[in-house]
Amino acid sequence: MTAILNPHAAPSVGPERSEGVWAAAWRRYRADRVGVLSLIIVVMFTVLIAASALDLVAKDWQKEVGVPNAPPTFLGPAPPEATGVIEQPKGPNVDISAIDPLAPKYAEWAERAKAYATPDTIKAETLPLGGDRLGRDVLSKAIKGTEISVFVGVLAALVATFLGTLLGALSGYLGGKVGDFFEWLYNVFEAVPGILLIFAFAAVFGRGIGTVVLILGLTGWTGLYRQVRAEFMKHRSREYVRSAEAIGASQVARMFKHILPNISHVILVRMGLLVVGFIKSEVILSYLGLGVGIDDVSWGTMLSEAQAELILGYWWQLVSATAFMCVFVTAFSLMADAARDALDPKLRGLE
Amino acid sequence: MLAYLIRRLWQMVPTLLGVVLLVFVLFKYFGGDPAEILGGLNATPEQIDAIRQQLGLNEPAWFQFWIFIKSIATFDFGKSWATNEAVSNLFATRLPATLTVMLPILILDVLLALPIAMWVAYRRGSLTDRAIMVVTTVALSISFLVYIIVGQYVFGFLLGWFPVQGWTDSAWRNLIIYAPLPVLLAVMVGVSPQTRLYRSFFLDELGQDYVRTARAKGLTENKVLFKHVMRNAMIPIITNIGLALPSVFIGSFLIETFFSIPGLGREVLLAVNRSDYPVIQAITVYLAMLTMVINLVTDVMYKAIDPRVVLK
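Examining the overall build of chain B
Tallying secondary structure elements over chain B gives 14 helices and zero strands in all. For chain B, the spread of C-alpha atoms along the principal axes amounts to about 85 × 60 × 35 Å. Counting only contacts in chain B whose residues sit at least 6 apart along the sequence, the fraction spanning at least 24 positions is 73%. Counting every atom, chain B has about 15900 Å² of accessible surface; 66% of that belongs to carbon and sulfur. When the 24 positive and 19 negative side-chain charges of chain B are each reduced to one mean point, those points stand 15 Å apart.

Looking at the overall build of chain A
Along its length, chain A carries 13 helices and zero strands. Secondary structure elements of chain A occur, N-terminal to C-terminal, as α-α-α-α-α-α-α-α-α-α-α-α-α. Relative to the compact-globule value of 20 Å for 351 residues, chain A shows a C-alpha radius of gyration of 30 Å, a clear excess of over 25%. Referenced to the eigenvectors of the C-alpha coordinate spread, the extents of chain A come out at roughly 115 × 45 × 40 Å. Relative to its 351 residues, chain A shows a buried fraction of 44%. In chain A, once contacts between residues fewer than 6 apart in sequence are set aside, the share between residues at least 24 apart is 76%.

Comments concerning the packing of aromatic side chains
How two aromatic rings sit relative to each other is given by the distance of their centres and the angle of their planes. All names here are of chain A. One pass over the structure, following the stated rule, counts 24 aromatic pairs over all chains. Between Trp-315 and Trp-316 the ring centres are 5.5 Å apart and the planes differ by 70 degrees, which places this aromatic pair in the edge-to-face class. On the basis of relative accessibility, which here comes to 6%, the residue Trp-316 falls in the buried class. Three or more aromatic residues joined by ring pairs make a cluster, and in this case those are Phe-45, Trp-299, Phe-324, Phe-328 and Phe-332.

Examining the interface of chain B and chain A
Taken residue by residue, the interface counts 44 residues in chain B and 39 residues in chain A. Counting each side, the surface lost to burial between chain B and chain A is near 3700 Å², with a carbon and sulfur contribution of 80%. If you sort the residues of chain B by the area they bury against chain A, Ser141(B), Ile149(B) and Val272(B) come out on top, with a joint share of 14%. Linking chain B with chain A are one salt bridge, by the criterion used here. Note that Asp337(A) is salt-bridged to Arg196(B), the shortest N-O span being 3.9 Å.

Notes on the nonpolar core
Nonpolar side chains tend toward joint burial in soluble globular proteins. Grouped together as the largest cluster of nonpolar side chains are 141 residues, with contacts concentrated most on Phe199(A), Leu288(A), Phe27(B), Leu254(B) and Ile255(B). Per-element accounting of this core gives the leading share, 15 residues, to helix 11 (residues 251–287) of chain A. Excluding anything up to four places from it in sequence, Phe199(A) contacts Leu285(A), Leu288(A), Leu290(A), Phe253(B), Val268(B), Leu269(B) and Val272(B).

Observations regarding helix 12 (residues 299–311) of chain A
Residues and elements named next belong to chain A. Look at helix 12: 19 Å from first C-alpha to last across 13 residues, which is about the 18 Å you get at 1.5 Å a residue. Most pronounced at Glu-305, the bend in helix 12 amounts to some 25 degrees. Those residues of helix 12 lying buried are Trp-299, Gly-300, Thr-301, Met-302, Leu-303, Ala-306, Glu-309 and Leu-310. Where helix 12 starts, the residue carrying a side-chain oxygen 3.1 Å from the main-chain nitrogen of Gly-300 turns out to be Ser-298. In the segment just after helix 12, Gly-313 is the residue with positive phi, at about 95 degrees.

Side note on the environment of Leu166(A)
On the secondary structure map, Leu166(A) appears in helix 5 (residues 138–174). Separated by 62 residues in sequence, Leu166(A) and Val228(A) place their C-alpha atoms 8.7 Å apart.

Some thoughts on a nonpolar patch on the surface
There is a patch of nonpolar side chains on the surface, built from Ile311(A), Leu312(A), Phe157(B), Leu158(B), Leu159(B), Trp161(B) and Val164(B) and spanning about 730 Å² of accessible area. Tracing the chain through its elements places Phe157(B) in helix 7 (residues 144–158).

Here we look at a positive patch on the surface
All names here are of chain B. Taken together, the side chains of Lys-217, Lys-223, Lys-227 and Arg-231 define a basic patch exposed on the protein surface. Along the chain, Lys-217 turns up in the loop between helix 10 (209–216) and helix 11 (221–250). Look at Lys-217 and you get exposed, because its relative accessible area is 59%.

What to know about the environment of Trp119(B)
Mapped onto the secondary structure, Trp119(B) falls in helix 5 (residues 87–122). A relative accessible area of 43% places Trp119(B) in the partly exposed class.

Thresholds, definitions, all that
Residues numbered from 1 in each chain as written. Chains lettered and ligands numbered in written order. Predicted model: local features only at pLDDT ≥ 70, side-chain atom pairs only at ≥ 80, totals over all residues. Heavy atoms only, no water. Helix = DSSP H or I, 4+ residues; strand = E, 2+ residues; numbered from the N terminus. Contact = heavy atoms within 4.5 Å. Areas by Shrake-Rupley, 256 points an atom, 1.4 Å probe, with all protein chains shown as cover. Lys, Arg positive; Asp, Glu negative; His and termini not counted. Charge placed at Lys NZ, Arg CZ, Asp CG, Glu CD. Rg over C-alpha atoms; globule rule 2.2 N^0.38 Å. Buried < 20%, exposed > 50% of the residue type's maximum accessible area, 1.4 Å probe, protein only. Phe/Tyr/Trp six-rings, centres within 6.5 Å; stacked < 30°, edge-to-face > 60°. Buried area = accessible area lost by both parts, 1.4 Å probe. Salt bridge = Lys/Arg side-chain N within 4 Å of Asp/Glu carboxyl O. Core = buried A, V, L, I, M, F, W, Y, C linked by side-chain atoms within 4.5 Å. Expected span 1.5 Å × (residues − 1). Bend = angle between axes of the 7 residues up to and from the residue. Polar contact = N/O pair within 3.5 Å; in protein donor to acceptor, adjacent residues only side chain to side chain. Patch = residues over 30% accessible without salt bridge, like charges linked within 9 Å, V, L, I, M, F, W, Y side chains within 5 Å.

Next comes the structure, spelled out in structure tokens:
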């Protein structure tokens, strides 16, 4: 006993200590060149999103800084439209001040108007990535839209992960009546096709960013629940959990302090897949008008504006929104794939 | 077999009851007041009261639940609040349009994805395999919306190969004139995830011992692939098709909205926008039933494909 408690004993952490699951995963991850590249892209996007959230960039996305439908800079300004000139009436202007009841006040009003300086805004002929129908900068909109879309996707994934993990842990660890109840709940949610469930929730809860997060989170937890439940069933009778029980760890401690860290990599991988799925769902919901409100911009609202613009030949908003989304989602999926392969090779092939 | 079917059907009862309960609770406690939605903006309090009386909203909750169950069991959800059309009639008239578009999509998806997936799985690690995996990853990350917007613009508007949108009463004309463009676009989108999924199924099977045995006893590659691997890979593939089937019945609401196809998906979306509760409730409950039946049929089909499967 004294030997164990001896503070001068050599520390057990030595070179022979095998590397932990995270260190091993990181080593495997670094070897994956595609994974590293996609990680860098995702980090760059994260910085951009943080800057946008802190109002460092794209703060003025709602300002009408350009002429309507301003083309991208590399295309040059739009050729002036050949407008038919309205023929000026010939002959002198008819003086109607004798019968105009407002005539005496014109001078006074002109005097008063001088007190207010109206800034002469010069609208830009071209914008870096073009302008939308109101002359708003598409680049700013795309950055702000990235912030909102990714934010919704990540937050909804967090809600779904929390729900799935909690219910899965309870169901898998406790089993019995509790397990049966959650299995029943799972079957109920699985019985309704996903998109219909989202619509039913949307019909009831209304619109807005918070609502989208809630709807996606409340309808998307089932896959994660299933996996967490299976993991908890597998782990609950392992030796380390029995040992924890023997030294008097409570049930909650055993579930969330002992088992949960051991399956956290499974949850993380699943969450990555959820983020991608939810971002895509948000885009479609916003397009349909069930997503973010009109005061916000997301990739979905940009695409819905772009549809009408495309017919008129203004393709830049469509291309910008698509390019931002394509790069981010591709990088994020590849990163999630690489993380899955690094963390748990058994999950390979999971879509 | 019969005992199995009866037991499975019996097991559906609690799940179905759960779906009904979920829909009921969702719309009763979280949704807006039906009387106010029905009454409109200019309704007087007396009118609202009259509507409440008529809908049974003044009854206790358990009685309202009982009314709800009765309406499901008798297939009588009453009339749509927005158009006053009977909900059953709405289903009957919208379903054909949805099926005209969705069935070809489902069939073409499978027919295209199967050979591609088998080919790339067989050539695992080759340039073709990697190229297809990269292409599908990128294709998957572009929103379905973009495919439809661009496809409609390019094929319908610029090139004029297909009508931009439209629908007629003649099923045949719909199928050969108006359905091809939506089908083409949906298949372009659907093939990528299907291919990736089927590829992983084929890869699983190709690594099995029986494949090596079949090759060792001198079977041709064609026989190995089409007779042995194919049949074994069919089980997960059938599961997957079974999972996709229920969504065929609501159709792709995006496609139907874009191409103005008078199908069920568009109707659901309209109902959501109009707060048309009876339509949403009916379609949710019936689709849940359908999903469960399809799952059962899928399970029974396993037996036909794989004699080792024991239904219990």
